[in-house]
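Remarks on the overall topology
The primary structure of each chain is shown beneath.
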Amino acid sequence: MLALVDHERQTPFLPRQKRIYDLRRVTGFLESLGNPHLATPAVHIAGTKGKGSTAAMVDAIAAASGYRTGFYSSPHLHTFRERIRLYGAPVDEGRFAELVALLAPVAGRLEQETDLGAVTLFEFMTAMAFQCFASEGVELQTVEVGLGGRLDATNVLRPEVCAITSISMDHMAILGDTLEEIAGEKAGILKQGIPVVVGPQRPEALAVVLDAAKEKGAPVVQVGEDLTWELIEADANGQSALIHGRLGSYRVKIPLLGSHQLENAATAVGIAEVLMGKGWQISDRSIRKGLAQVSWPCRLEVLDRRPWMVSDGAHNVYSMETMLHSLRRYFQYDRLLVVAGFSRDKSVGGMAEALSPEADMVIATRSRHPRSMAPKALADLMRQAGIQRTGQSDTVSQALELARGEAGPNDLILVTGSLFVAAEAREEALGIEPELYPDLLPPDLR
C-alpha cells in the first residue's frame, strides 16, 4: 500500500487532480470489489472551510440517533486509521491490515489488466473505507471530499444528501484561479434530484452553486436563510446557540470553538433535517446530544491553559483570518506567540500578512511532511510582512520549547499554518505517539 502514488506527499507537489481527468480508475476499482460504495446510504460533503467539522457533526448526530455509522475524512493527524472511522473511532489495526490485504491484489490486477494505470493511495484509502463500511453493516456513511469535488475519488457516491460548506481561495493550482472556478469544482458533487445543503457563501460562489443545483434539479437548503442561529454564550470551554431550522429550533452546546463552528453546526442540522424528511429517525434530543459530543481536534483546540496553548490547522488566508478573529472572542491574553509552519504550495505570504498585526512573535518551524517550507524561508517571509520578532526551529517540539520559554503565564501560544504542524504540537503536548508513515503496516504488507 505504501508503494502507491501519494500525491499528498510528493515533492515537488504534483496535484492529483491535474493527473486524473475522470473517475474511470476508481470506478473500475470499486466495480471489481462489487461496488461497496453503493451498499451504504451516504452524506457527501465538499467545501473549502468547515467540511471536516460539519462531517464530524453529522456523524455524531447519526450515532446519537442510534445508527451504526462510518466516517471517511482526510488528512489524518496521528495515524492513517483515523481516516476510516467506525462508530466514531478509528478502525483498529487488525481490521485495517485485513482491508489492505483484501484490496491490494484487486488494485494490482486493475493495473496489470487494464489501461487505467496504478491506483493512487487516496483512491485505495477511499475504496478501503467503502469496503469497510459495507462489510461492517454501517447504516450511514458520512464522506468528506478529499479535494475539490468533481474529480475527487469520493465522487462516485449516490448520496441521500450533499452539502457544500464555505468556499474560499485554496488549491488554486488544482481547482482554478477564481472563486467561480473553485465553486464549480465543489458543485461537481451535486447529483440529479438529490438535495444539497449550502453553507453561507460569497455571492459569486453562491451563484455558481445555485446554477449547478438548478441544472441538476437538486432541491437547495440555504444556511443563513432556511436555517439561522443565535449565539447564546461562548468561552474557552465551548459555545451554545439556538439554531432555527426548517423543522424546528434546537438549543445546542458544542465543544468546538469559533464562530464558524456555529455555521457548521447549522449546516449539520440542515443535513439532519433533510434526512428526517426522508424518514430517518433523528430527534431533537439526538441532535443536541450529537453536537455536544462531537470531537474534531486541531481546530482552535486548547492543549494547555497557563499559558494558553491553542492549535489550529488553518492553512489558507480565509481560515487564518477567521481563526485569528475568533481568538480574542474566546481567550483573554496579553501577548500572542505563534508557532507557525506551512506547506510550500500554500499562500504563505497572505497568511503572514494576516498574522502580522496580531502576532507579537513568530517562531518558524516545519512538520515532518515533505512539502513543509524551510523555517529560514518562512522567517524571512514573516519579517517581510512586518513581524519584527521571529525565531526558527527545525522541529515543532523544539519550537514549542522556545515558545514556552518566551511566554508569560498570561500569554497565548498559537500553533498554526497546517494540520501537520498542529498535529505534531498535539502529540508533544498530550503525549500522543504517532504512527509514522513508513511504520503503519506489518512488514509483510509494506
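The rules behind these values
Residues numbered from 1 in each chain as written. Predicted model: local features only at pLDDT ≥ 70, side-chain atom pairs only at ≥ 80, totals over all residues. Heavy atoms only, no water. Phe/Tyr/Trp six-rings, centres within 6.5 Å; stacked < 30°, edge-to-face > 60°. Helix = DSSP H or I, 4+ residues; strand = E, 2+ residues; numbered from the N terminus. Buried < 20%, exposed > 50% of the residue type's maximum accessible area, 1.4 Å probe, protein only. Salt bridge = Lys/Arg side-chain N within 4 Å of Asp/Glu carboxyl O. Pairing = 2+ DSSP bridges. Contact = heavy atoms within 4.5 Å. Axes fitted to C-alpha atoms, helices over the stretch in contact; angles between N-to-C directions. Parallel < 35°, antiparallel > 145°, perpendicular 65-115°, else oblique. Left-handed = near helix turned anticlockwise from the far one by under 90°.

A word on the packing of aromatic side chains
If you walk through the whole model with that rule in mind, you get five aromatic pairs. Seen in terms of ring centroids, Tyr72 and Phe122 are 6.2 Å apart; in terms of plane orientation they differ by 40°. Their pairing is tilted. Separated by 50 residues along the polypeptide, Tyr72 in strand 2 (residues 69-72) and Phe122 in helix 5 (residues 121-135) bring together distant segments of the chain. Take Phe122: its relative accessible area is 5%, and that puts it in the buried class. Arranged with centres 5.0 Å apart and planes meeting at 70°, the rings of Trp308 and Phe331 form a pair that is edge-to-face. Taken together, the residues Trp308 in strand 13 (residues 308-311) and Phe331 in the loop between helix 11 (317-330) and strand 14 (336-340) connect sequence positions 23 residues apart. Residue Trp308 is classed as buried on the basis of its relative accessible area, which comes to 16%.

Focus on the pattern of salt bridges
Here the structure, examined in full by the defined rule, presents 18 salt bridges. The shortest N-O distance in the salt bridge between Arg383 and Asp380 comes to 2.5 Å. Of the two residues, Arg383 and Asp380 are both situated in helix 13 (residues 375-384); the distance of three residues between them amounts to about one turn of the helix. Accessibility expressed as a relative area gives 36% for Arg383, which makes it partly exposed. Between Arg389 and Glu406 there is a salt bridge, with the nearest N and O atoms lying 2.9 Å from each other.

A short note on the sheet that holds strand 3 (residues 84-86)
The strand order across the open sheet formed by eight strands is 4-3-2-5-1-6-7-8, and the pairing between neighbours is mixed. For this open sheet the edge positions go to strand 4 (89-90) and strand 8 (220-222), each flanked by a neighbour on one side alone. Sheet topology note: the strand 1 (residues 42-46)/strand 6 (residues 161-164) ladder contains four bridges and is parallel. Considered in strand 6, the bridge of Ala46 is made with Ile164. Together, strand 2, strand 3 and strand 5 (140-144) form the strand contacts of helix 5, whose direction differs from that of strand 3 by roughly 10°. On the sheet, helix 8 (residues 203-216) packs against strand 6, strand 7 (196-198) and strand 8 and is oriented at approximately 155° with respect to strand 8.

Some thoughts on the packing of helix 3 (residues 51-64) against helix 9 (residues 259-277)
When two helices pack together, their arrangement is given by the angle between the helix axes and the distance between those axes. Here helix 3 crosses helix 9 at 45°, and the two axes come no closer than 9 Å. Relative to helix 9, helix 3 is oriented oblique. Seen along the crossing, helix 3 lies across helix 9 with a hand that is right-handed. In this structure, helix 3 uses Ser53, Thr54, Met57, Val58 and Ile61 to contact helix 9, whose residues at the interface are Gln261, Asn264, Ala265, Thr267, Ala268, Ile271 and Ala272.

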